[in-house]
Amino acid sequence: MLKHEAQATPAPASRPSNRRQISDRSLSQLFIWPTLILLIIINIFPLFYSLFLSFTNYSAIANRPPEWIGFTNFDRLLNSNDIWGYFSLTGRYALISVGLQTVIGFGLALLLRKKFRGSGIVTTLILIPMMLSPVVVGLFWKLMFNPAYGIFNYLVGFSNPATAPDWLASPSLALWAIIIVDVWMWSPFVMLLCLSGLSAIPDYLYEAAAIDRASAWFQFRRITLPQVAPLLLIAVLFRTIEAFKAFDLVMGLTGGGPGNATQMISVEIYSQAFLGQFRTGRASALAYIVLVIIIAVSNVYIRTLNKVREG
Amino acid sequence: MSNVALQNITKRFKQVTALRDVSLTINHGEFFVLLGPTGAGKTTTLRVIAGLEKQDEGSILFDGEPVDALMPAERDIAFVFQQYSLYPNMSVYDNLAFPLRSPLRNMPEADIRQRIHHAAEILHIGHLLERKTAHLSGGEMQRVSIGRAIVREPRIYLMDEPLSNLDAKLRESLRVELQHIQKVQSSTILFVTHDQIEALTMSDRIGVLREGQIVQTGSPSDIYDRPVDTFVAQLVGTPRINLMPARRENGTLHVAESTMHVPAPDTLHAAFMLGIRPEDVKPSPDGEFAGQVALTEPLGVETIVHIRSGAQTLLSIVPGITDLRIGDEVRFNVVRERLHYFDQEGRRIVL
């Protein structure tokens, strides 16, 4: 188009004509390359470098080059009872947390589906936790969980600080404390996706069902659920991956403690990489193990999703 | 099957009055078509009968019993929606079986199977029974929707423009099938459409709805031959009726801005609208009136000829392909016994 214009009205002689002759192709490359370079530097290079590091004995603070040790890191990690403990802890956390978020989020969506006076404001209010930074959430829930002056114990019925549980300091309750916060923060996300799924269900399906004398359960089971299922599964997929990577919330609330009671796998990677001896090589290996697991889990989900979509 | 009567139904949506004092009776075994342009309140009428909407005033009677307090499920009606309202993720068979499997009916599975196969046979969907509804074409989906209605024996079938989303060929064949099913089962159907051809071809009786009010009810020939006003006259019939201002002078009817004139009945007003159906305008070599061919639309079985006479253009239907060409001088007659007269407000003048 620029070219045509140039031909129709000859450019003034003073203006360099080659400036007008950038082709569409080079123009698009001009836009793509900066992003591509950025991606290569901060994404692709670290990806392969850490893969290399996972086969070496290397510490970021030691003044020694990485030393190739083959599968030793993986061997040690996969044979360590501690690591398997952290994995099962993370799995348990993901399962309970995502399960609760799904149920609560879907429930909220069903409640908010029918418009009522102020439903817009209520929806926005419910979405607020999702918009906060996890570190901030961690910090103020730490305050709320405080056994001496936190409001949480008071709200759930423990009015005497002397007998009230210390959620974050108790090995049996700390995990539940994190689950409570995660559910509080991310149920709205599940709700949001479910709401968009629900609003896409046409009314006449329910009307047809009403005329056909369908029970409420049938309407839910045969109309609502199948129509929302694809979006619900996407929400579950996102949340599962996030739960497996749980880090910021844990660091904000317990830092992995008390003891190792909330040492999620991501927290363990962090400890290996940036605490004590800075075992960069081993941390990279662990990160890759987590990556493989997440890819495997996602694949299972995506297959289920496709099956649901095909009906 | 039963009689369904609407008595003085009024329905308002906020500021808009969708139905205004509508009274109708649909007789047992009758194919009743509610005809009207978009927004006339046809669908609202159906939804009120079904119980999906609650009327503000008036009452609905099934066999003389008011059903106003009953839920849609309790009214025992079948509804075919304009959209194909099939249950997703269920096979065609399960969709058809669904209304029969309702705990309220408690029907043995063998009976259900028999009814479904019967319905599938009528609608030619036998080969689709095992398919999921997502893999059906539009026409197949609508057949299944109709099937889901006819597996039951409801008191009345309510059909909301079920054919309007289909292509012309399918629409035609389903039209015939529906009519056939209705006659064989002598079922009561209230069929809503904006398509006058559907109304004329299928119905025993037609109700014309305009802006929430019933304008005319009657048999197709009542509606076509004796429309109560210019609205109804223009709504039915393709090509549409020729309407021209005319006046009566010294016992002669003069069409405005044209040389056309015929003897006028004595009781006619001085100024009025004259309506002539296109099939009543007949070109003929020794015709009474002179005109010029402005346009021809050959449709194969017949040709629509636009005849210009003075400032008026009359549409005429002649059988087959005509050899009249644009610009030809043509003479024509009108069938005097079949002229329609309407007053200035558009109401039919009964002579």
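Because the structure is a prediction, the values reported are computed rather than measured.

Calculation rules
- Counting restarts for each chain: residues are numbered from 1 in the order of the written sequence.
- To read the labels, note that chains go from A and ligands from 1, taken in the order they are written.
- Reporting in this predicted model follows two pLDDT cut-offs: at least 70 for local features of residues, and 80 or more for side-chain atom pairs to be given and counted; totals over whole chains, interfaces and linings ignore these cut-offs and use all residues.
- With hydrogens and water set aside, each side-chain value is computed from the structure's full complement of heavy atoms.
- Any pair of residues with heavy atoms lying within 4.5 Å of one another is described as a contacting pair.
- Defined here as a combined quantity, buried area equals the accessible surface (1.4 Å probe) lost by two parts on assembly, summed across both.
- We define a salt bridge as a contact between a side-chain nitrogen of Lys or Arg and a carboxyl oxygen of Asp or Glu at a distance within 4 Å.
- In protein, a polar contact means a hydrogen-donor-capable atom and an acceptor-capable atom, both N or O and within 3.5 Å, with residues adjacent in sequence counting only if both atoms are side-chain atoms; elsewhere, any N or O pair within 3.5 Å suffices.
- The way it works is that DSSP assigns letters per residue, a run of H or I at least four long becomes a helix, a run of E at least two long becomes a strand, and they are numbered from the N terminus.
- The buried label goes to any residue with under 20% of its type's maximum accessible area, the exposed label to any with over 50%, and the partly exposed label to all in between, with areas taken from a 1.4 Å probe on protein chains only.
- Here, strands pair whenever DSSP counts at least two bridges between them.
- Axis geometry follows a simple rule: fit a line to the C-alpha atoms, using only the stretch in contact for helices, then measure angles between N-to-C directions, giving values from 0 to 180 degrees.

## Comments concerning the interface of chain A and chain B
1) Next: Across the boundary between the two partners, chain A contributes 18 residues, which contact 28 residues of chain B.
2) Next: For the pair chain A and chain B, the two sides together bury roughly 1,900 Å², of which 60% comes from carbon and sulfur.
3) Next: On the chain A side of the interface with chain B, the three residues burying the most area are Ile211(A), Asp212(A) and Arg213(A), jointly 40% of the side's total.
4) Next: Between Arg152(B) and Asp212(A) there is a salt bridge, with its nearest N and O atoms 3.6 Å apart.
5) Next: Our count for the contact surface shared by chain A and chain B stands at 5 residue pairs in polar contact (both at pLDDT 80 or more).

## Things to note about unusual backbone geometry
Residues and elements named next belong to chain B.
1) Next: Along the chain, Thr238 connects to Pro239 via a cis peptide bond; the corresponding omega equals -15°.
2) Next: Here Pro239 is to be found in the loop between α9 (230-235) and β11 (242-249).
3) Next: In this structure, Glu161 is a non-glycine residue whose phi angle is positive, near 45°.
4) Next: Structurally, Glu161 can be placed in the loop between β7 (156-160) and α6 (168-185).
5) Next: The buried category is assigned to Glu161, whose relative accessible area is 9%.

## What about the sheet that holds strand β17 (residues 302-309) of chain B?
All names here are of chain B.
1) Next: What the 5 strands build is an open sheet, ordered β15-β19-β16-β17-β18; its pairing is antiparallel. In the strand order of this sheet, the two ends are held by β15 (281-283) and β18 (312-319), each with one partner. Neighbour-to-neighbour, the strand axes of the sheet open up by a mean angle of 45°, direction not taken into account.
2) Next: In this structure, β15 lies alongside strand β19 (residues 329-334), joined through 3 bridges in antiparallel fashion. Within β19, the residue paired with Pro283 across the bridge is Phe332.

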